Amino acid sequence: KYPTSWIGYNLPMKTIPEVRAAGIPDYNDYDRVMYDIYATCMKLSNSDVSELYLIGYIRGHETTRKHEICHGIFYTNKQFRSEVMQLMRGLKPTLRAKLRAHLRRSGYTDRVFSDETNAYLSTRASYFPVLMKGEHKPFVKLFEEYYAKN
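Residues numbered from 1 in each chain as written. Predicted model: local features only at pLDDT ≥ 70, side-chain atom pairs only at ≥ 80, totals over all residues. Heavy atoms only, no water.

**Some words on helix α8 (residues 137-149)**
The end-to-end C-alpha distance of α8, which contains 13 residues, comes to 19 Å, matching closely the 18 Å that a straight helix rising 1.5 Å per residue would cover. Phe 139, Leu 142, Phe 143, Tyr 146 and Tyr 147 are the residues of α8 that are buried. The arc enclosing the buried residues of α8, seen along the axis, measures out at 130°, which places them on a common side. Exposed residues on α8 whose side chains face more than 90 degrees from its buried face are Lys 137, Lys 141 and Ala 148. Buried-residue contacts for α8 involve α4 (62-76), α5 (78-90) and α7 (113-123). (Helix = DSSP H or I, 4+ residues; strand = E, 2+ residues; numbered from the N terminus. Expected span 1.5 Å × (residues − 1). Buried < 20%, exposed > 50% of the residue type's maximum accessible area, 1.4 Å probe, protein only. Arc of directions from axis to C-beta. Contact = heavy atoms within 4.5 Å.)

**What to know about the pattern of salt bridges**
For the structure shown, the criterion picks out six salt bridges. Put simply, Arg 100 and Asp 110 hold a salt bridge, and the shortest N to O gap is 3.4 Å. Here the residue Arg 100 occupies a position in helix α6 (residues 93-105), and Asp 110 occupies one in the loop between α6 and α7, the gap between them amounting to ten residues. As a salt-bridge pair, Asp 110 and Arg 104 come within 2.6 Å of each other at their nearest N and O atoms. Judged by relative accessible area, Arg 104 falls into the partly exposed class, the value being 47%. One salt-bridge network, in which partners are shared between bridges, spans Arg 100, Arg 104 and Asp 110. (Salt bridge = Lys/Arg side-chain N within 4 Å of Asp/Glu carboxyl O.)

Read these as geometric descriptors, not functional statements.
Following this line, the structure appears as structure tokens:
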């Protein structure tokens, strides 16, 4: 179901063993592959698992690739995350409320609001039909600066 439900995904690497330990009632090949990726990364990496982030996307989906990379930078780069949060605070409260409502209707929780809002504003602003006057442009500029460094 993964590739037919989502064309991209992202998650902190540490969640893979946590979910596996909690038990997966419908364990399948995709779960096995994710755990194999985790195990391989742990063998090859000198990093603590809390520093690693996994993204996936369907080959050829450039916008999705950038969207998922944006999530990864948000999670792993404190400076980027801080600058994003400053931009978020600069949005009008009424706009933030509309963005949050749109994400909720799409199934996102408030826990990922800032990260998901940033990723869409930075890479696929058309996802939010409520945008006007280019409110997304500072997010695009910031992401492109960090993207160029990686």
